[in-house]
Amino acid sequence: MRLGKRPKESTFQRFYIMSQFRFWKPGIILTLLLINLFIADLLFGSVSISITDLYVALFKNTDSNAREIIWHFRLPKALTCLLAGSALSTAGLLMQTLFRNPLAGPDVLGLSSGASLMVALMIFLGQAGITLLHIISVNPWSLAIAASFGGAIVFLLVIVLAQYIKDNTALLIIGLMISAATSSIVAVLQYISRAEDLQTFMIWSLGNVGGTSWREIQVLIFVVLLGIIISIRQMKSLNGWLLGENYSKSLGINIQRSRLWIVASTALLTGSVTAFCGPIAFVGLAVPHLMRLFIRTANHKIQLPFVMIGGASLLLFCDLISQIPGNGQLLPLNAVTSMIGAPLVIWMVIRNKKVSI
Amino acid sequence: MITTSHLSIGYVINGSIHTLIEDLNLDLHAGELICLMGPNGVGKSTLLRTLAGLQQPIKGEIIGPDKKNIALVLTDRISSANMTVFDLVTYGRYPYLGWNLSLSETDHKIIEESIRHVHIQHLAEKRLYELSDGQMQMAMIARALAQQTPVLLLDEPTAHLDLNNRVEIMNLLRSLSRNAGKAILVTTHELDLALQTSDQIWLITADKKIKKGIPEDLVLDGSFDEVFQFKGFDLKTGKVEHESHRNKSIQLIGEGYPFLWTKNALERSGYAVEEDKGKMVISIHVKNKISWKFNDDQFESLADLLTALSLK
């Protein structure tokens, strides 16, 4: 995307630069949208805060109610939305490209299910008095640790399998089977558990971006950045996957290594978000489609930044919507993401009549 | 450019080896266009992938450039319909690009030349789903050209195309081998085109070997008939054999193209055509336009003539 002046540009080069340039306008629009949504997410909630109060709270060192709300609640929440939205959407894009399947999402490798299983185990068995689990479960980070642990186990399993299984479709099916198996164990645990534990688990599984502390956000930023950097470094091989294995090999792309990196990046992105926010559904599946319909390109050099910004925007928007009931009442995030996302995708698909990866 | 010695190709399923073609000693030279032919399922594509270094040979060795220096046009479906032709051709430069995919001035020149070479400049901004099969094939060839390799391997580049596109592609490959000095290997089912354009034909025979030779030799020594077991097609005349089921012979008088096509029409309809004898006599008259004379009647078209004949 270099736009510098060059001597003697050919017709094609001009066309190429033009074609790159055509992404600047939507890019700027989307970024402005993101900034507005971010600010809106800081302003609206159970207590509305005015722009001036927000400015004072953020940049002046005075004691006020607004400052308390912004720094302890709204800002962490908005940042979590930003990180989780871009992480999940990027992971979704990676999976759709790797599996060349428009139905793939960040959870197809079974990471979210693994995380759910560990969280369920801790909530249901921990309260039931198993000592070791009980010790862990009183820790405030307990849910995040359990989720990371569950995600990591599945991740290692998938990485090992990915070394042996050369076929992407087989890997996809194994991921889906892991999901199915863990979900059924969770179902059994739910069936035998107490009502109050069930509610704790239900709340976790509906997704929540409001509960993250600054320490947790630090961890989240670190892991998500790592995942995103890996995904950006894999741009070339991601494009290669669109042509398929044979062409990629003949273009000198090491497909085995690239597959490992893509899986690793997805695991970091999905795993970290699931650990801190619960299994947030739909964003990872929908945003890559929305962005491809919006900018119509197959080049990951363009797709990746768009999907990150788009994902962050959609999750911020969903968070705003979830506050509609007012009085501190919140709609569950997972319900909102699907409620907002599904009609949006349907509308875009009908308008464009064609979907591809 | 590529030499193989005692090469066996095939695939391995659950540890058991299936050999498709064995003991191959092949030479692919610069400036040569070779057609690889054989019935379906004998291993044409497997041989192509093995030569390209995408698949391990079962035995023997291949001496040739590494896989980045062999450009491919395969039958693999491309899953992204949003891709533009320009993006597709850009892939040809990938072996020379870093992870951030930034194209240099030279890359741009090469991409442009490749697109111009196959005459699809007007399609550069089109998306792949907007292309016809023939245009898609041209774009794939442009992508292969952008890779700037001495060797080009193409798997069925003329499949599903109409005659015009088939001829265009074979002529393009012909000129690439002649003028750009590339070594080109094409698998194809198009017997007539292969016979007329290739320098050599590699024919996969029933005993898992490859018979090499210039097209005309293979026609005359009956190799093609043996491999393809033609049913009603006479390769030596290049025509479909017709059974003269009507048991009527016609003496046809005329010359040139009108004679050939009239003969074709009559034979196709089941008449035996002779030049010097026959129960019925048809003469062809060429003045301003062609007309046919039969039993003192004049006909303006062959269709009318055939109708009149069938009433006799």
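Residues numbered from 1 in each chain as written. Chains lettered and ligands numbered in written order. Predicted model: local features only at pLDDT ≥ 70, side-chain atom pairs only at ≥ 80, totals over all residues.

Student: Looking at this model, I keep getting lost on the sheet that holds strand β14 (residues 272–274) of chain B. Mind explaining?
Tutor: Strand pairs in the sheet, formed through backbone hydrogen bonds, run parallel or antiparallel to each other. All names here are of chain B. Ordered in space as β14-β13-β15-β16-β17, the five strands form an open sheet in which the pairing is mixed. Each having just a single partner strand, β14 and β17 (297–299) make up the two edges of the open sheet. When strand polarity is set aside, the average angle formed by the axes of neighbouring strands in this sheet is 30°. (Pairing = 2+ DSSP bridges. Helix = DSSP H or I, 4+ residues; strand = E, 2+ residues; numbered from the N terminus. Axes fitted to C-alpha atoms, helices over the stretch in contact; angles between N-to-C directions.)

Student: Would you mind showing me how to read the environment of L109 of chain A here?
Tutor: Residues and elements named next belong to chain A. Its place among the elements puts L109 in the loop between α4 (65–98) and α5 (111–127). A count of 34 C-beta atoms within 10 Å places L109 in the buried class. Once residues within four sequence positions are removed from consideration, L109 is found in contact with V154, V158, G175, V263, T266 and A267. (Buried ≥ 20, exposed ≤ 12 C-beta atoms within 10 Å, placed from the backbone. Contact = placed C-beta atoms within 7 Å.)

Student: Hey, could you run me through unusual backbone geometry in this one?
Tutor: Trans peptide bonds make up the majority, and among non-glycine residues the majority have a negative phi. All names here are of chain B. In this structure, H6 is a non-glycine residue whose phi angle is positive, near 50°. As for its position among the elements, H6 is in strand β1 (residues 2–13). One non-glycine residue with positive phi stands out, namely E156, at about 45°. Within the secondary structure, E156 is located in the loop between β7 (151–155) and α5 (163–179).

Student: Explain the sheet that holds strand β6 (residues 70–73) of chain B to me, please; I cannot follow it from the model alone.
Tutor: All names here are of chain B. On the basis of which strands lie adjacent, the open sheet formed by six strands has the order β6-β7-β8-β4-β9-β10 and mixed pairing. Each end of this open sheet is capped by a strand with a single partner; those strands are β6 and β10 (210–213). On average, each strand axis in the sheet is inclined to that of its neighbour by 15°, with strand direction left out of account. Pairing geometry for strand β4 (residues 33–37) and strand β8 (residues 183–187), over four bridges, is parallel. From the neighbouring strand, I34 faces β8, where its bridge partner is L185. Strand contacts of α5: β4, β7 and β8, with the helix running at about 155° to β8, the strand carrying the most contacts.

Student: Help me understand the pairing of β7 of chain B in this model?
Tutor: Remember that side chains alternate between the two faces of the sheet whenever the strand is regular. All names here are of chain B. Along β7, five of the five residues are buried, which leaves the element largely enclosed by surrounding structure. With burial as the criterion, each face of β7 is covered, one bearing V151, L153 and D155 and the other bearing L152 and L154. Strand direction decides the pairing type here: β6 and β7, joined by four bridges, are parallel. Bridged to I70 within β7 is V151. As for the winding sense of the linkage, the β-α-β connection from β7 through α5 to β8 is right-handed. (Right-handed = clockwise from strand over helix to strand, strands pointing away.)

Student: Is there a simple way to explain the interface of chain B and chain A in this structure?
Tutor: Often, the extent of an interface is quoted as the loss of accessible area upon association of its parts. At the junction of the two partners, chain B supplies 32 residues and chain A supplies 30 residues. Where the side of chain B that touches chain A is concerned, the elements lending two or more residues are β6, α2 (85–90) and α3 (105–117) of chain B. No other element matches the five residues that α3 of chain B contributes to the side of chain B that touches chain A. Taken together, the residues of the side of chain B that touches chain A break down into 18 nonpolar, six polar and eight charged. (Nonpolar A, V, L, I, M, F, W, Y, C, P; charged D, E, K, R; others polar.)

Student: Which parts of the structure should I look at to understand the packing of helix α7 (residues 142–164) of chain A against helix α8 (residues 168–192) of chain A?
Tutor: Each pair of packed helices gets described by two things: the angle between the helix axes and the distance between those axes. Residues and elements named next belong to chain A. Running from N to C, α7 and α8 point in directions that differ by 155°, and their axes come no closer than 11 Å. On the basis of the axis angle, α7 is roughly antiparallel to α8. For α7 against α8, the interelement crossing comes out right-handed. Taken together, the residues of α8 that come into contact with α7 (itself represented by V154, V158, L161 and A162) are L171, I174, G175 and I178. Tallied by class, residues from the contact of α7 with α8 come to seven nonpolar, one polar and no charged. (Parallel < 35°, antiparallel > 145°, perpendicular 65-115°, else oblique. Left-handed = near helix turned anticlockwise from the far one by under 90°.)

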